[in-house]
Amino acid sequence: MKIISDKNKLTKIIQNETNLGFVPTMGAIHKGHISLIKRCIDECKKTVVSIYINKPQFNKKSDFNKYPRNLKNDISKLKKLKIDILYLPITKQIYSNTTSKKIKINSFEKKLCGKNRPGHFKAVIDIINRFIKIINPKKIYLGKKDMQQLILIKDFVKKNYPKIKIIGCKTIREKNGVPLSSRNFLLSLDEKKIASKIYNILKNKKNMLIKNKISFGEIKKIIIRVGIKKIDYIKVLDINKIIKPYKKENYYKIFIAYYLKSIRLIDNL
Ligand code: AMP
């Protein structure tokens, strides 16, 4: 495994690769990331993984500051997986020109997480765009855990880089149902138990919500009773009817974002 920080060196090494897979991450590597990486290794000739905590996509400085950082551990996990290149970008090189104003993204960015995190998805897509220019991968592997992000990136890449394929990978969960997330490193055991209860509530009530047999108000009350003080949103959306061309069949998903103390967690199922 080569560890590279200089973007020119990286471009040079990979410029002749025709089947390059890319897995962007913010580090604190867990089994969710690992499943993406394994799939990339399986399907591509060379695998590049990046670890970069992209400051502009954080709405609060405190959230950026407390985001888990675990580089030593991450490096040893990635070495074991035998990825080809770990890219640790240098901020000055990445943002040598200011945030691109030209980037156009689907208005779905304003829904769900976009309502509470203005500008978040623009910043996510901006960094992905910068990485694409440096790496020029054939495939990019992203998790369905961040479904809104996946949908928006897929749409952006389809319109701007039609040769690049976005591969959405299934959400990896703990045995208790909680989706693996770097932010889980910040949770206590009790908080993890609450997160597991939320997962079970959503799993059990999903069909009732879709069929309007329970109201969002009622489900919110149930969630608050297990110890949640703040729910950013809970919504059911047909994900086949978000980006045109729509698909005929319905594919409903529940989306949630809530706070456990100051940790914001998201899920969809
Ligand atoms: P992050 O480091 O949180 O930015 O995540 C990097 C990539 O891993 C994103 O494409 C995420 O959607 C994906 N990911 C994070 N958690 C999971 C999970 N539990 N299962 C599958 N993919 C995940």
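Since the structure is predicted, the reported quantities are computational estimates derived from the model, not experimental observations. (Residues numbered from 1 in each chain as written. Predicted model: local features only at pLDDT ≥ 70, side-chain atom pairs only at ≥ 80, totals over all residues. Heavy atoms only, no water.)

1. Quick look at the sheet that holds strand 9 (residues 263-268)
At step 1: Within the open sheet, the three strands sit side by side as 7-8-9. Their pairing is antiparallel. What marks the edges here is a single partner per strand, and that holds for strand 7 (230-238) and strand 9. Neighbour-to-neighbour, the strand axes of this sheet turn through a mean angle of 10°, independent of strand direction.
At step 2: As paired elements, strand 8 (residues 252-260) and strand 9 share six bridges and run antiparallel to each other. Within the sheet, the bridge partner assigned to Tyr259 lies in strand 9 and is Arg264. (Pairing = 2+ DSSP bridges. Helix = DSSP H or I, 4+ residues; strand = E, 2+ residues; numbered from the N terminus. Axes fitted to C-alpha atoms, helices over the stretch in contact; angles between N-to-C directions.)

2. Thoughts on the layout of surface pockets
Empty space among the atoms can be located by rolling a probe the size of a water molecule over them.
At step 1: Quantified by volume, the second largest pocket comes out at close to 640 Å³.
At step 2: Ile151, Lys154, Ile239, Ile243 and Lys247 are, among the 22 residues lining the second largest pocket, the residues nearest its centre.
At step 3: Breaking the lining of the second largest pocket down by element, the ones donating at least two residues are helix 8 (147-160) and strand 6 (165-169).
At step 4: Counting residues per element, the lining of the second largest pocket draws most heavily on helix 8, which supplies eight residues.
At step 5: The residue inventory of the lining of the second largest pocket, partitioned by class, reads 12 nonpolar, two polar and eight charged.
At step 6: Counting only domains with at least three residues in the lining of the second largest pocket, you end up with domain 1 (2-169) and domain 2 (182-268). (1 Å grid on protein atoms, 1.4 Å probe; cavity = no way out; pocket = protein on both sides within 12 Å on 5 of 7 lines; lining within 4 Å. Points joined across faces, edges and corners; volume = space filled by probe spheres on them. Nonpolar A, V, L, I, M, F, W, Y, C, P; charged D, E, K, R; others polar. Domains from an automatic or database assignment.)

3. Re the domain arrangement of the protein chain
At step 1: The assigned domain composition of the protein chain is domain 1 (2-169) and domain 2 (182-268).
At step 2: For domain 1 and domain 2, the distance between their C-alpha centroids amounts to 25 Å.
At step 3: Facing 25 residues of domain 1, the contacting portion of domain 2 comprises 20 residues.
At step 4: Approximately 1,900 Å² of surface area, both sides summed, lies buried where domain 1 meets domain 2, with 62% of it carried by carbon and sulfur atoms.
At step 5: For the interface between domain 1 and domain 2, the tally reads one salt bridge.
At step 6: Note that Arg183 and Asp63 form a salt bridge whose closest N and O atoms lie 2.8 Å from each other.
At step 7: Counting across the interface, domain 1 meets domain 2 through eight residue pairs in polar contact (both at pLDDT 80 or more).
At step 8: Looking at the side of domain 1 that touches domain 2, the elements that each hand over two or more residues are helix 3 (61-66), helix 6 (113-116) and helix 8.
At step 9: Counting residues per element, the side of domain 1 that touches domain 2 draws most heavily on helix 8, at four residues.
At step 10: Looking at the side of domain 1 that touches domain 2, its residues break down into 10 nonpolar, five polar and 10 charged. (Contact = heavy atoms within 4.5 Å. Buried area = accessible area lost by both parts, 1.4 Å probe. Salt bridge = Lys/Arg side-chain N within 4 Å of Asp/Glu carboxyl O. Polar contact = N/O pair within 3.5 Å; in protein donor to acceptor, adjacent residues only side chain to side chain.)

4. Here's the deal with a positive patch on the surface
At step 1: On the surface, Lys138, Lys144, Lys154, Lys158, Lys165 and Lys247 cluster together into a positively charged patch.
At step 2: Judged by its relative accessible area of 40%, Lys138 falls in the partly exposed class. (Patch = residues over 30% accessible without salt bridge, like charges linked within 9 Å, V, L, I, M, F, W, Y side chains within 5 Å. Areas by Shrake-Rupley, 256 points an atom, 1.4 Å probe, with all protein chains shown as cover. Lys, Arg positive; Asp, Glu negative; His and termini not counted. Charge placed at Lys NZ, Arg CZ, Asp CG, Glu CD. Buried < 20%, exposed > 50% of the residue type's maximum accessible area, 1.4 Å probe, protein only.)

5. What to know about helix 9 (residues 189-210)
At step 1: Compared with an ideal rise of 1.5 Å per residue, which puts 22 residues at 32 Å, helix 9 spans 31 Å between its outermost C-alpha atoms and is within 8% of the ideal.
At step 2: Along its length, helix 9 shows its largest kink, about 40°, at Asn204.
At step 3: All buried positions along helix 9 are accounted for by Glu191, Ile194, Ala195, Ser196, Ile198, Tyr199, Ile201, Leu202, Lys206 and Leu209.
At step 4: Against the buried residues of helix 9 lie helix 10 (216-225), strand 7, strand 8 and strand 9.
At step 5: In the segment just after helix 9, Asn212 is the residue with positive phi, at about 60°. (Expected span 1.5 Å × (residues − 1). Bend = angle between axes of the 7 residues up to and from the residue.)

6. Things to note about the sheet that holds strand 1 (residues 2-4)
At step 1: Spatially, the six strands line up as an open sheet ordered 1-4-3-2-5-6, and their pairing is parallel. Only two strands of the sheet have a single neighbouring strand rather than two, namely strand 1 and strand 6. Between one strand and the next, the sheet's axes are offset by a mean angle of 25°, whatever the strand orientation.
At step 2: Pairing analysis gives three bridges linking strand 1 to strand 4 (residues 85-87), with the strands arranged parallel. Residue pairing across strands places Ile3 opposite Leu86, the latter belonging to strand 4.
At step 3: Sitting on the sheet, helix 4 (residues 71-81) touches strand 1, strand 3 (46-51) and strand 4, and the angle it makes with strand 3 is about 170°.
At step 4: Against the sheet, helix 8 makes contact with strand 5 (139-143) and strand 6, and its axis sits at roughly 165° relative to strand 6, the strand it touches most.

7. Some words on unusual backbone geometry
For residues besides glycine, phi is generally negative; the peptide bonds are generally trans as well.
At step 1: That bond from Lys244 to Pro245 is cis: its omega, 0°, falls within 30 degrees of zero.
At step 2: Inspection of the secondary structure assignment puts Pro245 in the loop between strand 7 and strand 8.
At step 3: Despite not being glycine, Asn136 has its phi angle at roughly 50°, a positive value.
At step 4: Note on placement: Asn136 falls in the loop between helix 7 (120-135) and strand 5.
At step 5: One non-glycine residue, Lys261, adopts positive backbone phi at about 50°.
At step 6: By relative accessible area, which is 70% here, Lys261 ends up exposed.

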